[in-house]
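Structural features, examined
Here is what each chain is made of, one letter per residue.
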Amino acid sequence: MLQTIPGEHYLISNEQAEYVSKIWESNGVPTYAIYDENGNLSYKSVGLNPMELSEALQKALGE
């Protein structure tokens, strides 16, 4: 199924997934995060919600 989804996809081990979960404070895939120019988190979403992500990107860009 991944072949039908555009973009780059990586298979990671359970150990890598646990590490990523800790540093990004996430408990699911996909996790989307938007950081401002100062490195502050301005948006975070766990799960697939492309409309919400699009709206958050537009807001972060001041559009």
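Quick note: structure is the one above.
Below, the structure is looked at part by part. (Residues numbered from 1 in each chain as written. Predicted model: local features only at pLDDT ≥ 70, side-chain atom pairs only at ≥ 80, totals over all residues. Heavy atoms only, no water.)

Overview of the overall build of the protein
Operational definition: By definition, any uninterrupted DSSP run of H or I lasting at least four residues is a helix, any uninterrupted run of E lasting at least two residues is a strand, and each is numbered from the N terminus. What the globule rule says is 2.2 Å times the number of residues to the power 0.38, and the radius of gyration is computed from C-alpha atoms. Between buried and exposed lies partly exposed: a residue is buried under 20% and exposed over 50% of the maximum accessible area for its type, with that area taken using a 1.4 Å probe on protein chains only. Contacts between residues were defined by any pair of non-hydrogen atoms, one from each residue, lying within 4.5 Å. Accessible surface area values rest on a Shrake-Rupley calculation with a 1.4 Å probe, where residue burial reflects the displayed protein chains alone.
What the protein contains, in helices and strands, is 2 helices and 2 strands. Mapped from its N terminus to its C terminus, the protein presents α and β elements in the order α-β-β-α. Relative to the 2.2 N^0.38 estimate, which gives 11 Å for 63 residues, the radius of gyration of the protein is 13 Å and therefore markedly larger than a compact globule would have. Here the protein holds 63 residues, and 10% of them are scored as buried. The long-range fraction of contacts in the protein, counting pairs at least 24 apart against all pairs at least 6 apart in sequence, stands at 3%. For the protein, the accessible area works out to roughly 5,800 Å², and carbon and sulfur atoms hold 55% of it.

Some words on the layout of surface pockets
Quick reminder of the rule: A pocket here means an open set of points on a 1 Å grid, computed over the protein atoms alone, that has protein on both sides within 12 Å along at least five of seven lines. A cavity is instead a set of points where a 1.4 Å probe fits but cannot get out; residues with an atom within 4 Å of a point line either one. Grid points are joined across faces, edges and corners, and a volume is the space filled by probe spheres set on the points. Polar here means any residue outside two lists: the nonpolar Ala, Val, Leu, Ile, Met, Phe, Trp, Tyr, Cys and Pro, and the charged Asp, Glu, Lys and Arg; Gly therefore counts as polar.
Here the largest pocket is characterised by a volume of approximately 750 Å³. Taken together, 24 residues form the lining of the largest pocket, with Trp24, Gly28, Val29, Pro30 and Thr31 sitting closest to its centre. Elements that contribute at least two residues to the lining of the largest pocket include exactly α1 (14–23), β1 (31–35) and β2 (41–46). By residue class, the composition of the lining of the largest pocket is 15 nonpolar, 6 polar and 3 charged.

Details of the environment of asparagine 40
Along the chain, asparagine 40 falls in the loop between β1 and β2. For asparagine 40, a relative accessible area of 42% translates into the label partly exposed. For the pair formed by asparagine 40 and alanine 17, sequence separation is 23 residues and the distance between their alpha carbons is 23 Å. If sequence neighbours within four positions are ignored, asparagine 40 has contacts with Ile34 and Tyr35.

Comments concerning the pairing of β2
For a regular strand, side chains alternate in direction, first toward one face of the sheet and then toward the other. As a reminder, the rule being used: If DSSP finds at least two bridges between two strands, the strands pair.
In this structure, β1 lies alongside β2, joined through 5 bridges in antiparallel fashion. Counterpart to alanine 33 in the pairing with β2 is lysine 44. Counted along the chain from β1 to the antiparallel partner β2, the turn is 5 residues long, and its residue glycine 39 has a positive phi close to 85°.

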